[in-house]
Amino acid sequence: MNLDLIIASIAFVVITVALYIWNIRKLSGKKSKKRKKREAREIIEINYLVITHNIKKERLLNSKFILLISLIDAFIICLVFLVVMLIPYALVWQLLTGFVLLLGLIYSIYTILGRILVKKGYDK
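Computed from a predicted structure; not experimentally measured.

Reading the values: rules and limits
Residues numbered from 1 in each chain as written. Predicted model: local features only at pLDDT ≥ 70, side-chain atom pairs only at ≥ 80, totals over all residues. Heavy atoms only, no water. Helix = DSSP H or I, 4+ residues; strand = E, 2+ residues; numbered from the N terminus. Buried < 20%, exposed > 50% of the residue type's maximum accessible area, 1.4 Å probe, protein only. Contact = heavy atoms within 4.5 Å. Areas by Shrake-Rupley, 256 points an atom, 1.4 Å probe, with all protein chains shown as cover. Phe/Tyr/Trp six-rings, centres within 6.5 Å; stacked < 30°, edge-to-face > 60°. Lys NZ or Arg CZ within 6 Å of the ring centre and 35° of its normal.

Trainee: Tell me what's going on with the overall build of the protein, and back it up with residues and numbers.
Mentor: Secondary structure summary: the protein contains five helices and zero strands in total. Secondary structure elements of the protein, listed N to C terminal, follow the sequence α-α-α-α-α. For the protein, the residues scored as buried account for 28% of the 124 residues in total. Here the analysis covers contacts within the protein between residues at least 6 apart in sequence; of these, 70% occur between residues at least 24 apart. As displayed, the protein offers around 8,900 Å² of accessible surface, 68% of which is attributable to carbon and sulfur atoms.

Following this line, the structure appears as structure tokens:
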């Protein structure tokens, strides 16, 4: 149990930093020669909030919000990891539990975040 918490804590920090760097690079819009015709890649979480909660996309494209998204994603990943590691059943049950928990957390946390942003006046 203690070892799992230490591993999850280290993984949380590493995943947060990696996701933050990944999302910032996506936003920078550096295009290679192969991607010249296509637009810069977009962040899926921002697109989800724009579509479901009718939030202005321009207000979400800043480094503070990218950090918040990275923290939320890392929290979800590490929480699912901890729960799955604590389940003493067979691998199939661990995978099913992890999948259900992952989808449920993504949907619920981003819905709560969208509602908070709408209350703060980020909607159109």
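On we go from here.
Trainee: Kindly report on the environment of I15, identifying the contributing residues and their values.
Mentor: Relative to the helices and strands, I15 resides in helix 1 (residues 2-28). Given the relative accessible area of 21%, I15 is considered partly exposed. In this structure, the C-alpha to C-alpha distance between I15 and L71, residues 56 residues apart in sequence, is 8.5 Å. Those residues within four positions of I15 in sequence are excluded, and the remaining contacts are A74, I77 and C78.

Trainee: Give me the packing of aromatic side chains: which residues, what numbers.
Mentor: A full pass over the atoms with the stated rule returns zero aromatic pairs. Here R59 stacks its cationic end above the ring of Y122, 4.2 Å away from the centre of that ring.

Structural measurements only, silent on function.
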